[in-house]
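Observations on chain architecture
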Amino acid sequence: MILCRNVVKRFGSFTALGGIDLDLPGGICALLGPNGAGKSTLLKVLTGLLAPDLGSIEIAGYDPSKDPLLLKRSIGVLPEDLGLFDALTIAEHLDLAGPIYGLTREETRERGDALLRVLGIDKTRHTFLDQSSHGMRKKTALAMALLHNPRVLFLDEPFEGIDPVSSKAIQDLLKAVAARGITVFLTSHVLSIVDTLATDIRMIRGGRIVFSSRMADVTRPLEELYFDLVEPPLTEDLPWLRSSPS
Amino acid sequence: MAALLAILAALRKAIARDLSSFESLKVNNFFLFVLLLIAGTSSVGLPPTSAYPFLLVLSVLILFPMSTDPLAKIPPDRLALWPLSMRQRIALRVTSFLLSPLLWIMALILWRSASLVTMLSYLALALGVQIASATGQKLAGRQPHFQLLRYVPQVPGPLGGLIRKNLRQQLSLLDPYLALVLSIGGGIYRFTSPNVDPAAPVILGLLVALALSTYTQSLFGLDGAAGMTRYRLLPLRGWQILLAKDVAFLVLLIVLVVPLSPLPGITFGLAALAFGHHSSVFLRIPQRRWRFAGGRLLPVGALQAIGGISLGFAESNFGPIVLVWTLLGFGASLFWYGRCWDHSRSGPS
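Model, not experiment: these values are computed from the prediction. (Residues numbered from 1 in each chain as written. Chains lettered and ligands numbered in written order. Predicted model: local features only at pLDDT ≥ 70, side-chain atom pairs only at ≥ 80, totals over all residues.)

Secondary structure assignment for chain A yields 9 helices and 9 strands. Principal-axis analysis of the C-alpha atoms gives chain A an extent of 55 × 55 × 40 Å. Every one of the 246 residues in chain A was classed for burial, and the buried ones make up 44%. Considering only intrachain contacts with a sequence separation of at least 6, the fraction spanning at least 24 residues in chain A is 68%. (Helix = DSSP H or I, 4+ residues; strand = E, 2+ residues; numbered from the N terminus. Buried ≥ 20, exposed ≤ 12 C-beta atoms within 10 Å, placed from the backbone. Contact = placed C-beta atoms within 7 Å.)

Okay, here's the thing in structure tokens:
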């Protein structure tokens, strides 16, 4: 479902992705890495938001550069900036997206209602986005990604800013869709969630994949592996924080 | 004292940035027209009385975003958390008013007009607007679901959701309200005046279209980076995305020119869209809500104003064939810049 070979993306002299290879036939793959490692850039390249400078990509059988519309119909994306409009309410975002993806108004309403209920934002459905909390905005973008029942899901930090109950609901939802054969590719900093949710894991540092494994084959604790391979914890002492408050 | 000065310095910067957003006026097609009107009459030694009604409308509309409390620029929770004494808070409240742009406007009016009545009237109006604005914000705070723009109805069809959003965005600029004032004023004149100049409805219709036209230079100016991401994720062709913008603009334009002279106004609108597609697709001209739209004078602003007015007058002289040709030109622009959008936004670089 997600196949890419030697994907390179540069911004001027800075190489954001330095030759990424991925081959994910299904399941839930988590991409871990520190801020600025290239996680969001990789997601943008895979979803056609950015064109790679080098390499080949195939998502759900489509090349983003040759079949952009077919690709867009096949994928659901929770982008880094959420991709929402302040001039619309939560429910209106789903009303907007449904017909564009070929759903009837009834299908859109039915699926939208169910998604809003599962994500716990049905009571705030008429709130404009500029009056919504970050968590509500993220859930709206997630509902938009799921509405048209995509074949591949790309989620950039889906659990950041989400309350525990909704986080659990989203995890259950992702497990259910993955069990139906939908490939889920997500980035996250919440290692405890990744530990229980992901079936595959990739770690990225400096635009290169430094660790790649099926989750079942990982024998060491994820946190320990992450600190070893990606970035060790910072240890700088801040003495003024140890002194008595003024 | 240091804390107070730091806050005031931050406020001054925020207000200066806010004022700089009014630079959009310099490149608003309608404001350019008013400036040309003033320059034209002044060059022959006449007072620019013909520009006064337009200046009055502009100055009243500008009051709404400008007459806000400068202290409101600090998030209330942040202000409450800062360790300031009651005396410091009162001092901050008093001195922040000195930073109010309204005071500077008043000083300017006093200095320029030297008319006490004008100054007092404007002050009263500003106070009224500020009270109304504060009351409205309080009411809106109690009823977060209350928003007039909510009542823009759902439009049928696959692009309906986008068209509704685009209509709401356009209605959050000041340009449509300027056009509305002109439309209502022109309509009253047309239907109540015993001796209507036959050319007046055409001219007024074109002025309404001109007042709306700057927005067409930056159709995506209110979508922001997140909105652009969503556009690039939606399975739509470039021409469909542009069409959803254009339909919203034309709906508003048609409603506003109907009481005047619809066909010349629509012809102007189609020409403005055809010329504006280039800058909308290739340039980033961000817009701010509750401000006048800002654009580029050259070449697109000049092309829109001159081309739109010429074609509008041609339509009124030679009939709907001019509108048909303009529609064809608009269609060609939509198709071409739709392709440009497809290649520049979602294709390989």
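Further notes follow.
Our next topic: the overall build of chain B. Of the regular secondary structure elements, chain B holds 15 helices and 0 strands. Counting all 349 residues of chain B, 36% fall into the buried class. Taking contacts inside chain B between residues at least 6 apart in sequence as the whole, the part at least 24 apart equals 81%.

Let us look at the packing of helix H3 (residues 90-100) of chain A against helix H4 (residues 105-118) of chain A. All names here are of chain A. Between H3 and H4, the least distance of the axes is 9 Å, while the angle of their chain directions is 140°. When the interaxial angle is binned, H3 and H4 end up oblique. The handedness of the crossing between H3 and H4 is right-handed. Together, Ala91, Leu94, Asp95, Gly98 and Pro99 of H3 and Arg105, Glu107, Thr108, Gly112 and Leu116 of H4 make up the contact between the two elements. Class assignment of the residues belonging to the contact of H3 with H4 gives a composition of 4 nonpolar, 3 polar and 3 charged. (Axes fitted to C-alpha atoms, helices over the stretch in contact; angles between N-to-C directions. Parallel < 35°, antiparallel > 145°, perpendicular 65-115°, else oblique. Left-handed = near helix turned anticlockwise from the far one by under 90°. Nonpolar A, V, L, I, M, F, W, Y, C, P; charged D, E, K, R; others polar.)

This part is about the pairing of strand E6 (residues 152-156) of chain A. Residue and element names in this part refer to chain A. With respect to burial, E6 is a largely interior element, 5 of its 5 residues being buried. What you see with E6 is no split at all: Val152, Phe154 and Asp156 on one side and Leu153 and Leu155 on the other are buried throughout. Bridging between strand E5 (residues 75-78) and E6 involves 4 bridges; their strand directions are parallel. Looking at E6, one finds that Gly76 is bridged to Leu153. When E6 meets strand E7 (residues 183-187), the two strands line up parallel, connected through 5 bridges. (Pairing = 2+ DSSP bridges.)

All names here are of chain A. If you check H4, its first and last C-alpha atoms are 20 Å apart, about what 14 residues at 1.5 Å a residue would give, namely 20 Å. Turning to H4, its buried residues number three or more, namely Thr108, Gly112, Leu115 and Leu116. An end-on view of H4 places all buried positions within 95° of arc, on one side of the element. Against H3 and helix H5 (134-146) lie the buried residues of H4. With its phi angle positive at about 75°, Gly120 sits one or two positions after the end of H4. (Expected span 1.5 Å × (residues − 1). Arc of directions from axis to C-beta.)

Turning next to the interface of chain A and chain B. Listed per partner, the contact involves 28 residues of chain A and 27 residues of chain B. For the side of chain A that touches chain B, the secondary-structure elements that each account for two or more residues are helix H2 (68-74) and H3 of chain A.

A few words now on the sheet that holds E6 of chain A. Residues and elements named next belong to chain A. In spatial order, the strands read E5-E6-E7-E3-E8-E9; together these 6 strands make up an open sheet with mixed pairing. Of all strands in the sheet, those bounded by a partner on one side alone are E5 and strand E9 (208-214). For this sheet, the mean angle separating the axes of adjacent strands, direction not counted, is 15°. Helix H1 (residues 39-46) rests against strand E3 (28-32), E6, E7 and strand E8 (200-205) of the sheet, and its axis sits at about 150° to E6. Each of E3, E6 and E7 touches helix H6 (residues 164-179); the most contacted strand, E7, lies at about 145° to it.

Strand pairing in a sheet is mediated by backbone hydrogen bonds. Such pairs are either parallel or antiparallel. Residues and elements named next belong to chain A. The strand order across the open sheet built from 3 strands is E2-E1-E4, with neighbouring strands paired in antiparallel fashion. Edge strands, defined here as strands with exactly one partner in the open sheet, are strand E2 (14-24) and strand E4 (54-59). Along the sheet, successive strands turn relative to each other by an average axial angle of 20°, direction set aside. Judged from the 8 bridges that link them, strand E1 (residues 2-11) and E2 form a sheet pairing that is antiparallel. Its bridge partner lying in E2, Phe11 is registered against Phe14.

Before going further, it helps to spend a moment on the packing of helix H2 (residues 29-43) of chain B against helix H10 (residues 200-213) of chain B. If you want to describe how two helices pack, look at the angle between their axes and the distance between the axes. Residues and elements named next belong to chain B. At their nearest, the axes of H2 and H10 sit 6 Å apart, and the two run at 125° to each other. Here H2 is positioned oblique relative to H10, judged by the angle of their axes. Side by side, H2 and H10 meet where Asn29, Phe30 and Phe33 of the first sit next to Leu210, Ala211 and Ser213 of the second. Looking at the contact of H2 with H10, its residues break down into 4 nonpolar, 2 polar and no charged.

On to unusual backbone geometry. Residues and elements named next belong to chain A. Even without glycine at this site, Ala60 takes up a positive phi of about 50°. Structurally, Ala60 can be placed in the loop between E4 and H2. Look at Ala60 and you get partly exposed, because 18 C-beta atoms sit within 10 Å. Phi at Glu157 is positive, roughly 55°, even though this residue is not glycine.

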